[in-house]
There are 2 protein chains.
Amino acid sequence: MPTAPSPLAYIPFVSVENMMRFVHHFGIEKILVELTDAIEADYRRWDLFEKIPRLASHSRDGVIELMPTSDGEAFSFKYVNGHPSNTAKGFQTVAAFGLLARVDTGYPLMLTEMTLLTALRTAATSAMVARHLAPGNAKVMAMIGNGAQAEFQALAMKAVVGIEEVRLYDIDASATAKAARNLGDSGLRVVSCTSAQDAIEGAQIITTCTADKAYATILTDNMVGSGVHINAIGGDCPGKTELHKDILSRAVTFVEFEPQTRIEGEIQQMDASYPVTEFWRVLSGDAEGRGDARQITLFDSVGFATEDFSALRYIYSKLQGTDFFQQIDILADPDDPRDLFGMLQRAA
Amino acid sequence: MPTAPSPLAYIPFVSVENMMRFVHHFGIEKILVELTDAIEADYRRWDLFEKIPRLASHSRDGVIELMPTSDGEAFSFKYVNGHPSNTAKGFQTVAAFGLLARVDTGYPLMLTEMTLLTALRTAATSAMVARHLAPGNAKVMAMIGNGAQAEFQALAMKAVVGIEEVRLYDIDASATAKAARNLGDSGLRVVSCTSAQDAIEGAQIITTCTADKAYATILTDNMVGSGVHINAIGGDCPGKTELHKDILSRAVTFVEFEPQTRIEGEIQQMDASYPVTEFWRVLSGDAEGRGDARQITLFDSVGFATEDFSALRYIYSKLQGTDFFQQIDILADPDDPRDLFGMLQRAA
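Basis of the calculations
Residues numbered from 1 in each chain as written. Chains lettered and ligands numbered in written order. Predicted model: local features only at pLDDT ≥ 70, side-chain atom pairs only at ≥ 80, totals over all residues. Heavy atoms only, no water. Salt bridge = Lys/Arg side-chain N within 4 Å of Asp/Glu carboxyl O. Helix = DSSP H or I, 4+ residues; strand = E, 2+ residues; numbered from the N terminus. Buried < 20%, exposed > 50% of the residue type's maximum accessible area, 1.4 Å probe, protein only. Disulfide = S-S within 2.5 Å. Pairing = 2+ DSSP bridges. Least-squares fit on C-alpha atoms with pLDDT ≥ 70 in both. Contact = heavy atoms within 4.5 Å. Axes fitted to C-alpha atoms, helices over the stretch in contact; angles between N-to-C directions. Buried area = accessible area lost by both parts, 1.4 Å probe. Polar contact = N/O pair within 3.5 Å; in protein donor to acceptor, adjacent residues only side chain to side chain. Domains from an automatic or database assignment. Core = buried A, V, L, I, M, F, W, Y, C linked by side-chain atoms within 4.5 Å. Phe/Tyr/Trp six-rings, centres within 6.5 Å; stacked < 30°, edge-to-face > 60°. Lys NZ or Arg CZ within 6 Å of the ring centre and 35° of its normal. Right-handed = clockwise from strand over helix to strand, strands pointing away.

With that settled, the discussion passes to the pattern of salt bridges. Under the defined criterion, the tally for this structure stands at 49 salt bridges over all chains. The closest approach of N and O atoms between A:Arg262 and A:Glu258, which form a salt bridge, is 3.0 Å. Taken together, the residues span about one helical turn, with A:Arg262 and A:Glu258 both in helix α9 (residues 258–264) at a distance of 4 residues. Among the ionic pairs, B:Lys78 bridges to B:Asp308, the shortest N-O distance being 3.0 Å. Of this pair, B:Lys78 sits in strand β4 (residues 74–82) while B:Asp308 sits in helix α11 (residues 305–319); the two residues are 230 residues apart in sequence, bridging distant segments of the chain. The residues B:Lys78 and B:Asp308 share a single accessibility class, namely buried.

Right, let's get into the state of the cysteines. Residues and elements named next belong to chain A. Applying the stated criterion to the full structure yields 0 disulfides over all chains. With no disulfide of its own, Cys193 has Cys209 as its nearest cysteine by sulfur position, at a separation of 17 Å. Judged by relative accessible area, Cys193 falls into the buried class, the value being 6%.

Below, the discussion takes up the sheet that holds strand β7 (residues 140–144) of chain B. Residues and elements named next belong to chain B. Strand order in the open sheet made by the 8 strands is β9-β8-β7-β10-β12-β16-β14-β15, with parallel pairing throughout. Of all strands in the sheet, those with a lone pairing partner are β9 (189–192) and β15 (277–278), marking the two edges. Relative to strand β10 (residues 205–208), β7 runs parallel, the two sharing 4 bridges. Paired with Met141 across the bridge in β10 is Ile205.

Another aspect to go through is the pairing of strand β4 (residues 74–82) of chain A. Residues and elements named next belong to chain A. Of all 9 residues in β4, 9 are buried; the element is thus mostly enclosed. Of the strand pairs in this sheet, strand β3 (residues 63–70) and β4 are connected by 8 bridges, and their pairing is antiparallel. The residue of β4 that forms the bridge with Glu65 is Val80. With antiparallel pairing between neighbouring strands as the criterion, β3 and β4 make up a hairpin whose turn holds 3 residues, including Gly72 at a positive phi of roughly 95 degrees.

Superposing chain B onto chain A takes a rotation of 180 degrees plus a shift of 0.0 Å along the axis, which leaves an RMSD of 0.0 Å. Taken together, the rotation angle and the small translation identify this as a two-fold axis. Interface residue correspondence from chain B to chain A reaches 99%, placing this contact among same-surface, isologous pairings.

The next thing to look at is the sheet that holds strand β2 (residues 55–58) of chain A. Residues and elements named next belong to chain A. An order of β2-β3-β4-β5-β6-β1-β17 is seen for the 7 strands of this open sheet, with the pairing classed as mixed. One side of each edge strand has no neighbouring strand; the edge strands of this open sheet are β2 and β17 (326–329). On average, each strand axis in the sheet is inclined to that of its neighbour by 20 degrees, with strand direction left out of account.

Right, let's talk about the interface of chain B and chain A for a bit. Where interface size is quoted, it is often the accessible area lost as the parts come together. Counting residues at the interface gives 78 residues for chain B, matched by 77 residues for chain A. Carbon and sulfur atoms make up 69% of the surface buried where chain B meets chain A, a total of about 6900 Å² over both sides. By the criterion of area lost to chain A, the three top residues of chain B are B:Arg338, B:Phe341 and B:Leu344, representing 11% of everything that side buries. Taking the shortest distance from any N to any O, the salt bridge between B:Asp172 and A:Arg338 comes out at 2.5 Å. On inspection of chain B and its partner chain A, the count reaches 34 residue pairs in polar contact (both at pLDDT 80 or more).

Right, let's talk about the domain arrangement of chain A for a bit. Residue and element names in this part refer to chain A. Partitioning chain A into domains gives domain 1 (7–116 + 306–346) and domain 2 (133–303). Computed from C-alpha coordinates alone, the two centres of domain 1 and domain 2 are separated by 27 Å. Listed as interface residues are 22 residues of domain 1 and, on the opposing side, 22 residues of domain 2. Note on domain 1 versus domain 2: buried area summed over both sides is about 2000 Å², and carbon and sulfur give 66% of it. Considering only the side of domain 1, the residues that lose the most area to domain 2 are Glu29, Trp46 and Arg54, jointly responsible for 27% of the buried surface there.

Before going further, it helps to examine the environment of B:Ala148. Among the secondary structure elements, B:Ala148 is positioned in the loop between β7 and α5 (150–161). On the accessibility criterion, B:Ala148 (23% relative accessible area) is partly exposed. Taking C-alpha positions, B:Ala148 is 8.8 Å from B:Gln92, a pair spaced 56 residues apart along the chain. Here B:Ala148 is in contact with A:Pro337, A:Arg338, A:Leu340 and B:Lys178, once residues within four sequence places are set aside.

Moving on, we get to the nonpolar core. By size, the foremost hydrophobic cluster in this structure holds 77 residues, and its most contacted members are A:Ile28, A:Leu116, A:Phe152 and A:Ile205. The dominant element in this core, judged by the number of residues it contributes, is helix α4 (residues 115–133) of chain A, at 11 residues. Core analysis: the second largest hydrophobic core is formed by 75 residues, B:Val23, B:Val166, B:Val282 and B:Ile315 among them.

Attention now moves to the packing of aromatic side chains. All told, the structure shown has 33 aromatic pairs over all chains when counted by the stated rule. Between A:Lys318 and the ring centre of A:Phe26, over which it is positioned, the NZ or CZ distance is 4.5 Å.

Right, let's get into the side chain of B:Glu40. All names here are of chain B. Within the element layout of this structure, Glu40 appears in helix α2 (residues 28–43). The exposure class of Glu40 is buried, given its relative accessible area of 8%. Other than its neighbours up to four places away in sequence, Glu40 contacts Met128, Arg131, His132 and Leu283.

Right, let's talk about the side chain of B:Arg121 for a bit. Along the chain, the position of B:Arg121 falls in helix α4 (residues 115–133). When neighbours within four sequence positions are excluded, B:Arg121 is seen to be in contact with B:Leu35, B:Ile39, B:Met67, B:Lys78, B:Gly303, B:Phe304, B:Glu307, B:Asp308 and B:Ala311.

Residue and element names in this part refer to chain B. Inspection of the sheet shows strand β8 (residues 165–169) paired to β9 by 4 bridges, in the parallel sense. Looking across to β9, one finds that Val166 is bridged to Val190. Once the chain exits β8 it traverses helix α6 (residues 173–182) before rejoining the sheet at β9, and the crossover so formed is right-handed.

Take a look at the structure:
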């Protein structure tokens, strides 16, 4: 006689709908602040993590990546695609889901959508770095590229860094209009601009997040004045960059995990001797952050597995006692572990 | 006003319960035969696959692996753990799930449990190789190690190769009793044995599948006579082997993907010059299979990502029109792909 699966068979699954309920329940700015702290806490124990460049399967239209990491107690990975041509087909450029598991038994703990969660953790990572590297008292951010990530960036920089004004620019004016509309009640002063030059006027933080899979030059050297912090998150795969290399020559550049960024980041334009600092070293005190008020700091961000790990553990820690998940029966759990076949037979 | 997620947001998820219903609906032997053919069809187009040794995260207690591959149209990966100490804790040694996705958009197509499916595909892979390499008219198989994989192996060898008798042996007599009981109605003659030596008496195929994470010697050289086919599936990670190296010296050895097997298979005992043949070359006619009736053929099987790919595509191809799945909302799909934030906002 078939019996109900044992409790070991189930893991919580956070659907897109439940992730949205989760965000509204706790509040997006509170989540961005807590996520920033969770990511920073893990950056501060960088050495404990198993770090490997992500496993990428490239095709003509895009890339599918698996991003695993572990701190020895928990293991996580994210599945994420990047297909710039998807937008024209009505699909997301980036869609993702992720898993958290126990290292001691290898058993999954939680499966979750990560399209929304990646947008949140990417914004939180940008904010974590900006709060250490941006010039003191930064109040204005230019947001170049007003796609799916734009509003999350603006809210994280507001909640974590304290910016008060966001200056929007996109080559597609309807994207700028969309972002301006969505940020209407955010408490930020929103300025829609008609050129990148206009957008960076008076900004202490310049965030670039465009999606073309090609060497593009969103910012040229003469546009960027001294003292700004550039948060470059759109150049994130081989062949995809956003900044003119002359900007890189003037900037002090910080990265997540150097071996991965050399392949995927803005610095793929530079030769291997171009100096970069892994950001965790600023937190640990091993390296200097911003040197002086006139320095251009550049965070060449491509996204790293530990940030997903932090985000997954953060969500998991807050799920208990809520109903923001459903239980899914993903693990075969026979009464006798050696009797998988018997379990199948008895289900007939 | 929140609206229901679009159809693009959902993918089918095959739970353990639904996988069991699927197997009983179509019949396990029919599935094993079709799966064997599906795996062989993909082995015959070996060059099309992106092949990379699996990504393994080792810890004191076991290993967590991600096994990705792609044929340029579909991408798949499997998450699988291997924790020999789990059995004592009431967990499965191996638990797995997997995903099939489209390469052109990067979007997932199906998520499924793979603990049961891995048992099926491992047995089907063994049967695929045995039907080409075992001595003609093989009727008797010794099954050494009577854990979770044992019955699946016996049924696949019956359905695909035509064996009529299985001779069971395990160091734990209760495992043998369990397998004998489960195979009671299989149509196989089941002989429970009290030693490995006894089990291999008269067998043309010897399958070893034991789970110790240590160099073990399940078979010694003097036990193995000429002409047999050895199907060694238990030695599947660094430090884990089952056969005495003298057997390897006498055998002609076939593997799935040489770079992976050198690290994980029986041949980790041999030096790098020990000759092996990738099995797909036998199918393509590039290499010889069994040379003569006295040869010992050895399939040093560790499991390879293309086998999971074949299994995932097979399940997916048969899901249409059935109810052996539930739809899960794993993909954020805003009306305007750039308006992820607006989707979140409107869900409030």
